Every structure is written in structure tokens, then in C-alpha cells.
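Below are the chains, spelled out letter by letter.
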Amino acid sequence: MEFEPVIGLEVHAQLLTDTKIFCGCSTRFGAEPNSHTCPVCLGMPGVLPVLNKKVVDYLLKMAMATHCTINRESSFARKNYFYPDLPKGYQISQYAEPPAEHGWVDIETEAGKRRIGITRIHMEEDAGKLIHDENSPSSYVDLNRTGVPLIEIVGDPDIRTAEEAAAYLKRLHEILVYLEICDGNMEEGSFRCDANISLRPVGQKAFGTRAELKNMNSFRNVQRGLEYEIKRQQYILESGGVVVQETRLWDDAAGVTKSMRSKEEAHDYRYFPEPDLVPVHVDDKWLEEIRSAMPELPLEKRERFVSQYQISPYDAGVLTSGRALADYFEEVARLSGQPKAAANWVMGDILRLLNEDKKTVVECPVTPTNLARMITLIQDGTISGKMAKDISEAMYTTGKTPGEIIEEKGLVQITDENALAAALSEILAKNPDQVAQYRAGKDKLFGFFVGQAMKATRGKANPQMLNDLLKKMLSNQE
Amino acid sequence: MKISREQVAWVAHLARLEFKEDETKKFTAQMNDILSYMDKLSLVDTNGVEPLANATLRKNAFRADDVRDSLSPDASLANAPEARGGFFQVPKVIE
């Protein structure tokens, strides 16, 4: 029997606010343990949470970017459970009335384009961090993360392969980072993913029993974890067994998923309306404010780059992989008036140099103006492509303008035809044998003359002019 | 019966309360009385009335995203039964 995987992903994205969702404590990562805590996020009796407006702003941005229906009215609920990372004994989340639902994103894999539905997006508070001591029967709790704002993006069970799951996650990640509402750092846990996965016989409508996968902290691990889990469930079903509904942890080192034997497996969260917070009402004016501040999203930008600059979809994909990189490219393209050359130089030398230094384009020592000027100099024949390679590296290491570097290195191309012709005559005169052989049909020797000419001019000859002139002089029978 | 003894025991477990047999029995009876009394509310005609999530009629109480001083870690940990190295120390929660 053939089985079809059914996968739905839940993404938790930490929002890039300065303060927590319900109090003024800082959200900065990596601070001394418990130094970003106050009576509100510690869950002291008698305190009252007050909602950070920016959290709603950010949620609305994500909702618009993913084509969600925005519900004008939403409210908070308590999700009750006991765990040491949750000092109040409940997490403030949203339940019955999510602020956004019924959205979608388009993904593309080897198999083609597909649209993946988004069930809902809601706001909630993050829990604290637990550290377990291998040598003692204790766990240690840091509540700095308690109350850091999250949006949870619940996806429809539309995904059918591990590859699609990774593509969907990358798409969400890219949108969040473009919107500048999440830093997307998976290692620090700013972008986390849980997956629900089940198998069903192909053609069957009803879902099979699912497992929930956790602890996959990279796109690659999500894909590997799901691939493993598909095989595991398939093996169980094919050998007549039954999949148990449970939470499983991805073990990266072992490359397997393992059952998480939790003492409190049967959850009963007893959600009820949060009495300490008033409902959120979003009016037209607020929506318009958010809409007018929405940046161009990655997919739109990609399509525009292809049509506006006549570059390949692949190149457009690389150049729009970050907002800053896309802006850098556009600036170079605009200033040089040569988008294709701009794309080649940005994707080639500039990205290579940045990658070698593990730098981002924001830190690039070559300004768009300097790169554009260099491209113009290649175009008008002042320098050759080969010289430009040296110049771009020199611009990168020194931050100087191409003009300064050309002057320092004496790099200007010889574009004076008479000077070049004189140099060529000398070379032909010195190598009468080769000239004779060439004229007798040994075309390969052309390269030899080019090499000699480049050597004589120390690489400064304009290659096009050199070729033309050399051909002319060699074909002139004396 | 509005609520069974098993339900009372389950809710007690979720709230980390331990009841003796006769206590469970007593609370089951009390909770049944309360829930039966609450049934009187169902007699009110609420057709056309929107459910209310909050007793005040206010909406949109917000704060600006401005950082305020947190407590010192010492103050935050002052009430902790056990603390170590700036962390709250609790019985181990995983095997």
C-alpha cells in the first residue's frame, strides 16, 4: 500500500520589540540570568499585564504579508499548565478569537509551485529557559525569556513532503526577516518550529494518527526529522502496527526521532478568557497605518527584478535573499545603468569577499557608488575586466574609490591605437617565425601574440582593441 | 449530577492538589451545589447578546515599547525557596 504524509507546521517567531509583551523588561538576548525580570513577568500576585502595542503592529504586518483575514476584535486567554519555566502557572495566549486567520503563502520545490494555507496567527508570551544539571537532581530556571513576545503561525495540514516543509519554513522566515519583525535566528530560538505529521493511504481522506516533532533548530533538521519520521511511520504501518500519538524529539547527533516520555502527557489546558487584559480592537485607521508602511515582500521583489532588470530568476533569488543586499544591488544598478553587470559583480566578487570575511552587505567596504563607477569604467573601456577584478578587491580591502586605485596602480588601459600598434609592430618584428607560421594557417598562435602583447603592456591593453588590431596587422601580408 | 467524582479528582490533579477520599466526596457535593445554582443563569434569555470576554467595556489598553528598569536578580530571586548562580533552582523536570 502506498502512503501519503500529511504535515502541518507550527512556527513560533520571537518579535523584535525592545520590551516584553506585558511589561517593560528588556528582551535582549544573552543577559545575565534573571536580570530582565519584574513582578509582572515573575508572576507575582496582584500585578497586571499591559499589552505592548508594537506586538499587535507586528502581528498585523505578518497577517497582511501572508494574506490572512484580519479579525477586528480579538482577546487573550489563559492556557493553564504547571512547568517551572512558567511562573504564573498559565501562559497568556489567544484561543477562541485569533486576530488573523485563513492566510496562505506560495512555495516552490522541485515538484513545482504550491500554495500552503495558514490556519491562524496569534500573539502569546514566551516561557523561560531551563538548564538541566547532569550531576545533580536539579534544573535551573532563567526567566529572562518569560514574557518575550511571540507570534504563533499555525499552518494548515497541506504539506506533503519534507522538502515542502523546509520550503514553507524558509518562506515564512524570509517574510518575517524582510518585515523586520523577527531576527530569524534559529540557534538562539527566535524562530522555532514544531511539526505534526501523520501518514494515510493514498486516496484516503481521513488523517492517520499523528506524532508531534520538536527540537528541530535548523531548516536542514526539519527536513531530516520529517524524512526520518515518514520512514518510521511507514515502516510501522506496513508491518501492520499502529502509530502512537505522542511528542517526539529530533536527535540531531543520532539522526533519529525519539519518544519524549513526559510525566504529564495528557494535556488539559483549560483555556479561559484572560480577565486581566481587555480585548484588542483594530480599526480602519490602524490597518491603513500598517498597510502604508509595508515593505515590498521578497517574492514581489524577485518578480520585479526579473522583469525590470532582465536578470534570471536564479540571480533575482540570490539578490533578494536579504533586503539590504537587494537595496545594494538596486543602487549599483541605478548608478551604473547596467543592471546585468551590477548583478554579476554583486553576486560574484562582492558576495564572495563578504562570505570569506563572514560579513553582511551592510558592512561592505565597497560602496554602491564605487562599484557602479568601476562598472562604468569597464563599459567605456578605461579598464579591462581583468583589471576590474584587482580593483574590486583593492576597493574591498581599502575602501578607496576606483579612481584612486587606478592612479596608485597605474592601471589605465591603453586605448591609444597608435601606441598599441607601435607595441604590436615591435612584437611582430621580434617573432618573424611565429608570424610566418600563423600566416601559413597555424591560427592557434594568435593566443601567443595576445600573451606577448599583454606582457609588453603589463596587462593594460584594451582586449577588444588588441584583438582587432592584431588581426588586422597579422593579415596584412608585407 | 453536574460533575462526577472522577472529574473533581482530575481537576484536583491538574491543580496539583491532593485530596483524601472523603474530601473528594465532600468537594464533589459542594461543586455540584454551586454548579446547580449557576444553572439559574441559564434561565436568562441571552438571544442576540454577544458573549463578553471582559467585565469592563474598555478596549485597547496599550503600553509603548519603552524599556523600564527590571528588578535586580537578587530581588527577583529573594522569594525563591532555592537559588544558585543567579538561577531559580527546582527539582529536575526531565529524566
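Residues numbered from 1 in each chain as written. Chains lettered and ligands numbered in written order. Predicted model: local features only at pLDDT ≥ 70, side-chain atom pairs only at ≥ 80, totals over all residues. Heavy atoms only, no water.

Caption draft 1: Main features of the overall build of chain A. For chain A, the helix and strand inventory stands at 15 helices and 17 strands. Radius of gyration (C-alpha) of chain A: 31 Å, far over the 23 Å computed for a compact globule of 478 residues. Split into buried and exposed, the 478 residues of chain A put 50% on the buried side. Taking as baseline every contact in chain A between residues at least 6 positions apart, the subset at least 24 positions apart corresponds to 69%. Surface exposure of chain A reaches about 22,800 Å², of which carbon and sulfur atoms provide 51%. (Helix = DSSP H or I, 4+ residues; strand = E, 2+ residues; numbered from the N terminus. Rg over C-alpha atoms; globule rule 2.2 N^0.38 Å. Buried < 20%, exposed > 50% of the residue type's maximum accessible area, 1.4 Å probe, protein only. Contact = heavy atoms within 4.5 Å. Areas by Shrake-Rupley, 256 points an atom, 1.4 Å probe, with all protein chains shown as cover.)

Caption draft 2: View of the side chain of Glu212 of chain A. Looking at the secondary structure, you find Glu212 of chain A in strand E13 (residues 211-214). In contact with Glu212 of chain A, other than residues within four places in its own chain, are Glu10, Asp194, Ala195, Asn196, Glu246, Thr247 and Arg248 of chain A.

Caption draft 3: Structural detail: the pairing of strand E6 (residues 90-93) of chain A. Residues and elements named next belong to chain A. Both faces of E6 are covered, namely the face carrying Tyr90 and Ile92 and the face carrying Gln91 and Ser93. Pairing of strand E5 (residues 77-80) with E6 involves four bridges; the strand directions are antiparallel. The residue bridging Arg78 from the neighbouring strand is Ile92, located in E6. (Pairing = 2+ DSSP bridges.)

Caption draft 4: View of the domain arrangement of chain A. Segmenting chain A into domains produces domain 1 (3-285), domain 2 (296-409) and domain 3 (417-475). Taking only C-alpha atoms into account, the centre of domain 1 of chain A sits 68 Å from that of domain 3 of chain A. (Domains from an automatic or database assignment.)

Caption draft 5: Expanded view of a nonpolar patch on the surface. Residues and elements named next belong to chain B. Together, Ile34, Tyr37, Met38 and Leu41 make up an exposed nonpolar region whose accessible area comes to about 460 Å². Among the structural elements, Leu41 can be located in the loop between helix H2 (21-38) and strand E1 (62-63). Here Leu41 falls in the exposed class, since its relative accessible area comes to 60%. (Patch = residues over 30% accessible without salt bridge, like charges linked within 9 Å, V, L, I, M, F, W, Y side chains within 5 Å. Salt bridge = Lys/Arg side-chain N within 4 Å of Asp/Glu carboxyl O.)

Caption draft 6: Molecular detail of the packing of aromatic side chains. All names here are of chain A. One pass over the structure, following the stated rule, counts 14 aromatic pairs over all chains. Their ring planes at 75° and their centres at 5.3 Å tell us that Phe305 and Tyr309 sit as a pair that is edge-to-face. One end of the pair is Phe305 and the other is Tyr309, both in helix H5 (residues 298-309) and four residues apart, which spans about a single turn. Of the two residues examined, Phe305 and Tyr309, each falls in the buried class. An aromatic cluster is built from Tyr81, Tyr95, Tyr269 and Tyr271, whose rings are joined through pairwise contacts. The aromatic ring of Tyr269 is capped on one face by Lys79, whose charged end is 4.4 Å from the ring centroid. It is Lys471 that lies over the ring of Phe446; its NZ or CZ is 5.5 Å from the centre. (Phe/Tyr/Trp six-rings, centres within 6.5 Å; stacked < 30°, edge-to-face > 60°. Lys NZ or Arg CZ within 6 Å of the ring centre and 35° of its normal.)

Caption draft 7: The environment of Asn71 of chain A, seen in detail. Residues and elements named next belong to chain A. Positionally, Asn71 belongs in the loop between strand E3 (69-70) and strand E4 (73-74). In sequence terms Asn71 and Asn34 are 37 residues apart; their C-alpha atoms lie 36 Å from each other. If sequence neighbours within four positions are ignored, Asn71 has contacts with Pro98, Pro99, Ala100 and Glu101.

Caption draft 8: Molecular detail of the environment of Asp158 of chain A. Residue and element names in this part refer to chain A. As for its position among the elements, Asp158 is in the loop between strand E11 (149-155) and helix H2 (162-178). Separated by 120 residues in sequence, Asp158 and Val278 place their C-alpha atoms 34 Å apart. When residues no more than four places from it in sequence are discounted, the contact partners of Asp158 are Ile7, Arg114, Arg115, Ile116, Gly117 and Glu164. Looking at Asp158, its side chain comes within polar contact range of the main-chain nitrogen of Gly117, at 2.8 Å. (Polar contact = N/O pair within 3.5 Å; in protein donor to acceptor, adjacent residues only side chain to side chain.)

Caption draft 9: Quick peek at the sheet that holds E5 of chain A. Here we have three strands laid out as an open sheet, ordered E6-E5-E16 (chain A), and antiparallel in their pairing. If you trace the sheet from one side to the other, it starts and ends with E6 and strand E16 (272-273) of chain A, each paired once.

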